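If you want the building blocks of each chain, they are given just below.
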2 protein chains.
Amino acid sequence: MAITVVGSVAYDSIETPSGRRERCLGGAATHFSLAASFFTDVRVIAVVGEDFGPEQEAVFKKRNIDIQGIERAPGKSFFWEGSYLDNLNEAKTHTTDLNVFASFEPKIPEAYRDSEFLFLANIDPVLQRRVREEMPDVKLVAGDTMNYWIKDHRPALLEVLKGLNILLINDTEAKMLAGNNNLVKAAHAVLEMGPRTLVVKHGEYGATAFFSDHSFGQAGAWAQLHPFRAPALPLEEVVDPTGAGDSFAGGFFGYLASQPELTPATFRRAMFYGSVMGSFAVERFGTERIQALTRKEIDERFLLFRELTHLD
Amino acid sequence: MAITVVGSVAYDSIETPSGRRERCLGGAATHFSLAASFFTDVRVIAVVGEDFGPEQEAVFKKRNIDIQGIERAPGKSFFWEGSYLDNLNEAKTHTTDLNVFASFEPKIPEAYRDSEFLFLANIDPVLQRRVREEMPDVKLVAGDTMNYWIKDHRPALLEVLKGLNILLINDTEAKMLAGNNNLVKAAHAVLEMGPRTLVVKHGEYGATAFFSDHSFGQAGAWAQLHPFRAPALPLEEVVDPTGAGDSFAGGFFGYLASQPELTPATFRRAMFYGSVMGSFAVERFGTERIQALTRKEIDERFLLFRELTHLD
């Protein structure tokens with residue numbers, strides 16, 4: 001089943017202990033859609049500037065990603081410059097030029113309207129909500145956000161959360177959103193805000209899913225629904241963490257969308273596929289590794305993740 | 001098979017966000033032996049002062065732990081005072097009174113000499129090495145250390161590492177010991193120092209085991225021996241993290257010692273039992289939770305850990 005994703009398509013200049021890249025293709029919707037495209041059909045809603053050309057288009061087309069929803073606007077694309085020199089777990093932002101993104105008004109192509117899955121990548125919650133409302137019939141909605149929206153745009157974000165089935169954020173964001181420093185208590189508080197399921201990404205330590213009592217449509221099943229933890233791969237070199245979380249989301253949601261039914265078992269596998277895609281994403285700069293990836297490599301790493309965590 | 005453990009038996013005054021306790025029974029050898037006692041026979045080598053009385057003895061005896069190797073010396077027992085008010089992952093030490101521990105000369109009772117397993121808890125590496133040399137026939141030796149010995153007693157510590165089969169330390173210690181901020185590279189460097197297996201404890205994120213090519217006596221098996229990651233339990237309240245690492249080590253090594261053979265499968269289960277014992281340890285102050293624990297609770301939590309991590 002097809003996923004529509006709304007979010008940023010951008011250029012990133014990135015510096016890490018492994019080196020520096022100028023203006024790589026990036027943005028949450030880019031990382032998400034490339035990762036998800038290994039599992040299902042993906043349709044992107046975004047805005048780019050005149051600097052987005054055939055070379056960038058080709059990256060999406062090669063993965064059969066539908067980009068008729070990527071609007072071209074006069075001006076430059078969203079640009080981000082950041083470094084991870086001291087800490088690979090946290091980017092230091094040097095420049096954020098919203099450019100054409102500043103006046104982004106998401107428009108949903110007619111051909112996208114039968115999408116059964118919707119992913120609201122990290123953008124202004126006002127836009128997330130608008131897209132959500134324009135696609136009322138989707139089967140499953142997941143979304144992401146970040147500290148900026150949690151701190152300074154809370155009322156708008158809380159409205160978005162009410163319309164989400166699954167929220168994917170990191171430890172710091174979950175604790176900030178809940179105002180509680182204990183992850184489990186924070187998770188329960190976030191689940192009260194709307195999402196039936198919360199996936200908390202722990203960077204190099206994997207991710208944990210927390211469920212509310214309606215996560216799988218069975219009221220009262222909560223007592224059996226303990227959290228589920230997917231590992232991350234211990235890596236000798238994290239070349240560039242940019243987009244790891246979006247690649248996780250793409251692998252996770254892409255796998256879910258490829259399955260006939262949402263069950264605890266498919267959810268667990270989806271968590272593993274999310275971790276798998278995140279582990280590939282960081283192996284090279286920007287989208288380089290995911291662009292070069294094969295389904296065979298994904299399946300092999302899935303088995304490796306199983307071996308990394310399973311008793312037998 | 002019996003484990004001999006050498007380490008501290010102490011009194012701890014602890015303050016955490018959950019409250020404060022004065023002079024609880026603590027020390028690495030205490031936490032280790034209580035946790036290991038649920039799996040196998042445990043024998044303790046330590047020194048205590050005149051403040052160690054029948055009440056403290058009873059804690060060990062109730063768990064059938066052999067304490068004839070706990071020497072009584074004139075003076076007071078090792079005393080530690082610390083708090084975790086800002087950060088449950090890192091203790092802030094307020095007082096360390098070595099007391100009788102300052103002149104500790106480990107003496108191994110005759111009855112301990114047939115122990116097949118030896119655990120060198122976190123003490124002066126000079127003493128760790130002496131005990132190791134006096135028990136040359138043990139089947140498996142594991143040990144722990146801490147930042148203080150890594151930084152200021154490195155040559156003595158490196159001698160200890162040469163005689164260890166398994167080293168259990170935390171992320172910060174592994175990176176400090178190797179002088180490398182990447183965990184995988186640090187692990188490989190530590191494995192070069194002697195231990196055939198390194199278990200890195202990640203606190204609330206569980207623990208990862210790294211193997212060298214001789215971990216299970218099969219040269220060349222390394223290519224198959226990917227790391228193994230055990231989860232930690234997401235807990236609503238960490239009452240007191242003191243002794244969590246020692247309880248992990250006790251569950252881990254206790255389970256290994258209870259098994260007829262060291263195989264990858266028993267090693268994996270041992271990692272889970274370590275995490276299980278660590279998860280109980282932090283639920284109350286000091287040794288309170290482990291003292292009240294039953295084997296049934298341990299087995300139930302083991303199954304919960306399986307559910308928390310396994311695909312089906």
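Residues numbered from 1 in each chain as written. Chains lettered and ligands numbered in written order. Predicted model: local features only at pLDDT ≥ 70, side-chain atom pairs only at ≥ 80, totals over all residues. Heavy atoms only, no water.

## Concerning the interface of chain B and chain A
Listed per partner, the contact involves 34 residues of chain B and 34 residues of chain A. Between chain B and chain A, a total of about 3,300 Å² is buried, with carbon and sulfur atoms accounting for 53% of that surface. The interface formed by chain B and chain A includes zero salt bridges. Those elements that place two or more of their residues in the side of chain B that touches chain A are helix H6 (171-178), helix H7 (183-192), strand E12 (207-211), strand E13 (228-230), helix H9 (264-281) and helix H11 (295-309) of chain B. A breakdown of the residues in the side of chain B that touches chain A according to their chemical character gives 14 nonpolar, eight polar and twelve charged. (Contact = heavy atoms within 4.5 Å. Buried area = accessible area lost by both parts, 1.4 Å probe. Salt bridge = Lys/Arg side-chain N within 4 Å of Asp/Glu carboxyl O. Helix = DSSP H or I, 4+ residues; strand = E, 2+ residues; numbered from the N terminus. Nonpolar A, V, L, I, M, F, W, Y, C, P; charged D, E, K, R; others polar.)

## As for the pattern of salt bridges
All names here are of chain B. Within the structure shown, the criterion is met by 42 salt bridges over all chains. Here arginine 72 ties to glutamate 57 by a salt bridge, and the two come within 2.8 Å at their closest N and O atoms. Within this pair, whereas arginine 72 is found in strand E5 (residues 66-72), its partner glutamate 57 is found in helix H2 (residues 54-62), the two being separated by 15 residues in sequence. Residue classification places arginine 72 among the partly exposed residues on the basis of a relative accessible area of 41%. Taking relative accessible area as the criterion, glutamate 57 reaches 19% and is therefore assigned buried. Residue aspartate 144 is joined to lysine 201 by a salt bridge in which the shortest nitrogen-to-oxygen separation is 3.9 Å. Separated by 57 residues along the polypeptide, aspartate 144 in the loop between strand E9 (140-143) and helix H4 (147-152) and lysine 201 in strand E11 (residues 197-201) bring together distant segments of the chain. Judged on exposure class, the residue aspartate 144 and its partner lysine 201 are both buried. (Buried < 20%, exposed > 50% of the residue type's maximum accessible area, 1.4 Å probe, protein only.)

## Here's the deal with the pairing of strand E1 (residues 3-6) of chain A
Residues and elements named next belong to chain A. Burial along E1 is two-sided: the face carrying Ile3 and Val5 and the face carrying Thr4 and Val6 are both buried. For E1 and strand E8 (residues 117-120), the ladder comprises four bridges, and the chain directions are parallel. Directly across from valine 6, in E8, lies its bridge partner leucine 120. Sheet topology places E1 next to strand E4 (residues 42-48); four bridges connect them, and they run parallel. Directly across from threonine 4, in E4, lies its bridge partner arginine 43. (Pairing = 2+ DSSP bridges.)

## Digging into helix H5 (residues 154-162) of chain B
All names here are of chain B. Of the residues making up H5, those classed as buried are Leu157, Val160 and Leu161. Burial along H5 is one-sided: seen end-on, the buried residues are contained in an arc of 100°. Among the exposed residues of H5, those pointing more than 90 degrees away from its buried face are Pro155 and Lys162. Buried residues belonging to H5 abut strand E8 (117-120), helix H3 (125-134), H4, strand E10 (166-170) and H6. (Arc of directions from axis to C-beta.)

## Some words on the relation of the copies chain B and chain A
With an RMSD of 0.0 Å, chain B superimposes on chain A once it is rotated by 180° and translated 0.0 Å along the axis. Overall, the copies show the geometry of a two-fold rotation axis. In this assembly, 100% of the residues forming the interface of chain B have copies in chain A that are likewise at the interface, indicating an isologous arrangement. (Least-squares fit on C-alpha atoms with pLDDT ≥ 70 in both.)

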